[in-house]
Amino acid sequence: MRKQAEIDAAFDRKDALNGRTSFFLVGIGGAGMSALARMLKHRGFIVRGTDSTKSPETDRLEAEGISVHIGHGGDGISREDALVVTDAIELGSSPEVKRAKELAIPMLRRSQALGWLLNGHKVIAVTGTHGKTTTTGMIGAGLIAAGMDPLIVVGASVPDFGGPVVEGKGVWAVVEACEAYDSFHDIDPDIVVLTNLELDHVDFHGDFAHLKDSVKRFARKVGEHHGTLVYCADDQGSSEVASELIEEPNGVLENAVFYSSNEFPEYAQPAVPCLALPGEHNRLNARGAIMACVEAGADSERAAQGVASFGGAERRLQVLHNGDVVVVDDYAHHPSEIEASIQAMRDRARVTGQGSQGRLFVVFQPHLYSRTEGLINEFAAALSLADFVVLTDIYPAREDPVPGVSSSRIAELLTTPHLYVPNRHLLPRKVAALLKPGDVVVGMGAGNISEFAPEVIRELARGDRSHVTGNGQQPPAHSSQRTVVVAYGGDSAEREVSLHSGREVVAALRRKGHTAQLVDFTELMLSNGDLSKLRGSDRPDAVFLAVHGTHAEDGAIQGLCEMLHLPYTGSGIQASALAMNKDLAKSILQGHGLRVPKGVLLTKQNAVSTIKAPAVVKPNAQGSTVGLSFVEREEDLVGAIEKAFAYDNSVLVEEWVRGMEISVPVMGDRALPPVEIAPRSGRYDFASKYLPGATEEVVPARLPEKTLKRAQAIALKAHEAMGCDGATRTDMIVPTPYEGAEPVVLEVNTLPGMTATSLLPNSAKAAGIGFHDLVEWILEDAIRRHGAKV
């Protein structure tokens, strides 16, 4: 944030620009700076600049022939330049400022450069806490209608003007003059329009007395030109400024005229009720605008017609979408502005009928900690006038966080239904899930909440192919096309298997009419890290996890999907992590009354097993057959343990339970037929599991009916005990003799394989579920479960 001492010490005088022909603008993509860039270019100056972020505005500047470098740096600055800096830039850390000092070139604020460009014009300056942009535009429209061909500089793009600047050739200029950081003192006005005055920009002015004093100093300037102060008598702050200036002994202010909702010259009365813009606040703005035009010598009737027809500026109650849901973008960022905007939207709904039958949603992002800190109660009261409020975190701009200042404090005081969404990127999908036909939703605030309205429009369009409603209703059995990312590959020892699973899943999804794309998340994250296809309105409907082993079945990739707020197949983070830890999983299963093998967990610091051969040795947190050894002789045990340690930092040594190995898949709340696993080698290791023909799989397993049912019941209980979702597979050993035997649970697999030799597809096939239908069930189940959480 700027302080007066920094302003006095860091910046040169305006006349340092005299004779300069080349300008370098820092923060060129901002509304005020991009307007300045265009003004300089229009006058024949060389203009270049930098901005931290690529945006539609920087693209437009480039298209207009103004060079913009994305990313801050001083390499492009020369000795011929003058450096112009937006107030959002921290001078101490700016490489452009550092370079300017090295070259000893002039450095000025944006407001100084604007004031310099206004030399030779008579100036109408519009200031005040609220309504500056709209009133400036109205005055400009009035002067144009009156044939006065003004120069107009507005603080936002105006569709009627084709941008924020109108390069008129007349003698008058009308400009928006902001009180933040005393920037308006760089302008020398002939007419000042003071719309209102409330405490704001407390980071600079501190309190209302200092703010009012600054505005009074600015308004006195019109006295030097024998000009006029036009002020709103309905506003206490504006009236105080005017009355104190008028009453000053030996004061320089000679002319002050007021406008109000009750008293106004006859010539403007017909125009004001017929405004293109809604709201009582805009009717008041229009009266001030017409009066300023008349003070500048405009024909009153023509000026009034121009003001009345003004269509507004961008982000000032701007309707961006007028369909079943009306989407509005608004700049209101102060409680008084919020209240006025809400009232204006209700007025518009009554007049046009658009949104009159629905609810008014306000999606608000507070702007600045310093502004929010002293107005928490006022923000809550103003926002509570809406039917539903969605709050996101404070936009800090140039400020550091302030302890105890948070949007959540506003949310606590709201008296209307509300939702707090800390991360703004989630707003479009969260809000779209709440909207119904007839509703009006407005994105409101002065920060990057401006991105919300266009994004929620795209999200609503995306809803045409989204089949899960906000209340989590299940989609129809034969849903229309989904867009699916199939995660495959990875960095585990089972990567090769995952490549095959992924390809077969993609083929099945495409066969079902879905759009499916293979993505290796590990490759993506470790290469360019571009997650753009996984977020925003272009994100997939779901991620199908066709990955296995570490960073796949242990909660890692599930955590990434959770952070991206993407539906994904299989179990959640916790269940995945617990099931992958074989020793911990056994404790949980045993605690639920299920039989598990006796075993001991070894670490590299304590690698002595109390379990003797014959034994089964395996890494504690790997795929079910990775690093697995069957140890017949005691002398082979140490080597098997060393082999397992090559895959993990902890190793599980278990008793070798003899019998038939079976695997029982579960789909949701249904256990599928048990699969008998009969490896030709007699041992179900990695090769037996994945090599075609290495293992005979019999479905259903050749066991007594009672034992089959008991195995299915155990699989369901294990699935529930671990907190699993979707499709799982529980591996067991049925000891001999099989009749009446209690199966021993080995482990639970949360992402069963999906290859031609995989157990889950074979079991599903025996249950009458083809591979393509199985894949689609897993997908739709994931989307349904995620929808229930929205």
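Residues numbered from 1 in each chain as written. Predicted model: local features only at pLDDT ≥ 70, side-chain atom pairs only at ≥ 80, totals over all residues. Heavy atoms only, no water.

Caption draft 1: Quick peek at the pairing of strand β3 (residues 67-70). Where strand β2 (residues 46-51) meets β3, 4 bridges bridge the pair, whose relative direction is parallel. Residue pairing for β3: Thr50 is matched across the bridge by His69. (Pairing = 2+ DSSP bridges. Helix = DSSP H or I, 4+ residues; strand = E, 2+ residues; numbered from the N terminus.)

Caption draft 2: Expanded view of the side chain of Thr755. Tracing the backbone shows Thr755 in the loop between β31 (744-749) and α26 (759-766). The class of Thr755 is buried, set by a relative accessible area of 8%. Look past the residues within four positions of Thr755 in its chain and what remains in contact with it is Val497, His500, Ser501, Glu504 and Pro761. (Buried < 20%, exposed > 50% of the residue type's maximum accessible area, 1.4 Å probe, protein only. Contact = heavy atoms within 4.5 Å.)

Caption draft 3: Representation of the pattern of salt bridges in the model. Taken as a whole and judged by the stated rule, the model has 45 salt bridges. For Arg462, the salt bridge is made with Glu459, and the minimal N-O distance between the two is 3.8 Å. Pair noted here: Arg462 and Glu459 are both in helix α17 (residues 452-462), with a separation of 3 residues, about one helical turn. For Arg462, a relative accessible area of 7% gives the class buried. The buried category is assigned to Glu459, whose relative accessible area is 8%. By sharing partners, the salt bridges in this structure join Arg38, Glu57, Arg60 and Glu64 into a single network. (Salt bridge = Lys/Arg side-chain N within 4 Å of Asp/Glu carboxyl O.)

Caption draft 4: Seen up close, the pairing of strand β13 (residues 318-322). Two elements, β13 and strand β14 (residues 326-330), share 4 bridges in a ladder whose sense is antiparallel. Within β14, the position partnered with Asn322 by the bridge is Val326. Adjacent in sequence and paired antiparallel, β13 and β14 are bridged by 3 residues.

Caption draft 5: Representation of the state of the cysteines within the structure. Taken as a whole and assessed by the stated rule, the structure comprises 0 disulfides. Free cysteine: Cys178, not disulfide-bonded; nearest cysteine sulfur from Cys232 at 18 Å. In this model Cys724 remains outside any disulfide bridge; the closest cysteine sulfur is found in Cys561, 17 Å from its own. (Disulfide = S-S within 2.5 Å.)

Caption draft 6: Focus on the nonpolar core. Formed by 46 residues in total, the largest nonpolar core has its most connected members in Phe23, Leu25, Leu118, Ile187 and Leu229. Sorting elements by how many residues they give to this core places helix α2 (residues 31-42) first, with 6 residues. If near-sequence neighbours (up to four positions away) are discounted, Leu25 is found in contact with Met33, Leu36, Ala37, Leu40, Val47, Arg48, Gly49, Thr50 and Val84. In terms of nonpolar packing, the next biggest core, distinct from the first, is built from 38 residues, Val126, Ala146, Ile152 and Ile290 among them. (Core = buried A, V, L, I, M, F, W, Y, C linked by side-chain atoms within 4.5 Å.)

Caption draft 7: Structural detail: helix α6 (residues 132-145). The first and last C-alpha atoms of α6 sit 20 Å apart over 14 residues, in line with the 20 Å expected at 1.5 Å per residue. In terms of burial, α6 is largely enclosed, as 12 of its 14 residues are buried. Every buried residue belonging to α6 is among Lys132, Thr133, Thr134, Thr135, Thr136, Gly137, Met138, Ile139, Gly140, Ala141, Gly142 and Leu143, and all of these are buried. Contact partners of the buried residues in α6: β6 (122-127), β7 (151-158), β9 (172-176), β10 (191-194), α10 (280-295) and α11 (300-309). Following α6 by one or two positions, Gly147 adopts a phi angle in the positive range, close to 80°. (Expected span 1.5 Å × (residues − 1).)

Caption draft 8: View of the sheet that holds strand β4 (residues 81-85). Pairing is parallel across the open sheet formed by 5 strands, whose spatial order is β3-β2-β1-β4-β5. Of all the strands in the sheet, just β3 and β5 (107-109) have a single pairing partner and so form its edges. Neighbour to neighbour, the strand axes of the sheet diverge by 25° on average, direction disregarded. Its contacts with the sheet place helix α4 (residues 95-103) against β1 (22-26), β2, β4 and β5, and it is angled at close to 145° to β4. Its contacts with the sheet put helix α5 (residues 110-117) on β1, β4 and β5, and the angle it makes with β5 is roughly 85°. (Axes fitted to C-alpha atoms, helices over the stretch in contact; angles between N-to-C directions.)

Caption draft 9: Spatial organisation of the packing of α2 against α5. Direction vectors running N to C along α2 and α5 enclose 35°, while the axes themselves pass 10 Å from each other. Helix-helix and strand crossings are classified by hand; for α2 and α5 the assignment is left-handed. Of the residues in α5, those in contact with Gly32, Met33, Leu36, Met39 and Leu40 of α2 are Arg110, Ala113, Leu114 and Leu117. (Left-handed = near helix turned anticlockwise from the far one by under 90°.)

Caption draft 10: Helix α22 (residues 582-591), seen in detail. The complete set of buried residues in α22 reads Lys582, Ala585, Lys586 and Leu589. Projection of α22 onto a plane perpendicular to its axis shows the buried side chains occupying an angular sector of 105°, all on one side. The secondary structure elements touched by the buried residues of α22 are α21 (573-580), β22 (599-603), β23 (615-619), β25 (650-655), α25 (705-721) and β31. Phi turns positive, to about 85°, at Gly593, one or two residues after α22. (Arc of directions from axis to C-beta.)

Caption draft 11: Seen up close, the environment of Val745. Looking at where Val745 falls in the secondary structure, it is placed in strand β31. The sequence separation of Val745 and Tyr331 amounts to 414 residues, and the corresponding C-alpha distance is 61 Å. Residues in contact with Val745, not counting those within four places in the same chain, are Leu589, Leu594, Arg595, Val596, Pro597, Ile714, Thr730, Asp731 and Met732.

Caption draft 12: How the structure looks around the packing of aromatic side chains. Scanning the entire structure with this criterion turns up 9 aromatic pairs. The interplanar angle of 75° and the centroid separation of 5.1 Å between the aromatic rings of Phe23 and Phe45 together place this pair among those described as edge-to-face. Highlighted residues: Phe23 in strand β1 and Phe45 in the loop between α2 and β2, separated in sequence by 22 residues. What makes Phe23 buried here is its relative accessible area of 0%. (Phe/Tyr/Trp six-rings, centres within 6.5 Å; stacked < 30°, edge-to-face > 60°.)

Caption draft 13: How the structure looks around the packing of α21 against α22. Two elements in contact, α21 and α22, have axes separated by 5 Å at closest approach and are oriented at 105°. It follows that α21 is roughly perpendicular to α22 by the angle criterion. Contact residues: α21 offers Leu578, Ala579 and Met580, while α22 offers Lys582, Leu584, Ala585 and Ile588. Taken together, the residues of the contact of α21 with α22 break down into 6 nonpolar, no polar and 1 charged. (Parallel < 35°, antiparallel > 145°, perpendicular 65-115°, else oblique. Nonpolar A, V, L, I, M, F, W, Y, C, P; charged D, E, K, R; others polar.)

Caption draft 14: Expanded view of unusual backbone geometry. Cis geometry is adopted by the peptide bond preceding Pro700, which originates at Val699 and carries an omega value of -5°. Across the junction of Thr736 and Pro737, the peptide omega takes the value -5°, indicating a cis bond. Mapped onto the elements of the fold, Pro737 is located in the loop between β30 (727-735) and β31. Even without a glycine there, the phi angle at Asp149 is positive, about 45°. With respect to the helices and strands, the residue Asp149 is situated in the loop between α6 and β7. At Leu317, a position not held by glycine, the phi torsion is positive, near 50°.

Caption draft 15: How the structure looks around the sheet that holds strand β20 (residues 515-519). The strand order across the open sheet built from 3 strands is β20-β19-β21, with neighbouring strands paired in parallel fashion. Only two strands of the sheet have a single neighbouring strand rather than two, namely β20 and β21 (542-545). Between one strand and the next, the sheet's axes are offset by a mean angle of 30°, whatever the strand orientation. Looking at chain direction, strand β19 (residues 483-487) and β21 are connected through 4 bridges and run parallel. Paired with Ala487 across the bridge in β21 is Leu545. On top of the sheet, helix α18 (residues 495-511) reaches β19, β20 and β21; it is set at about 165° to β20, its chief contact.

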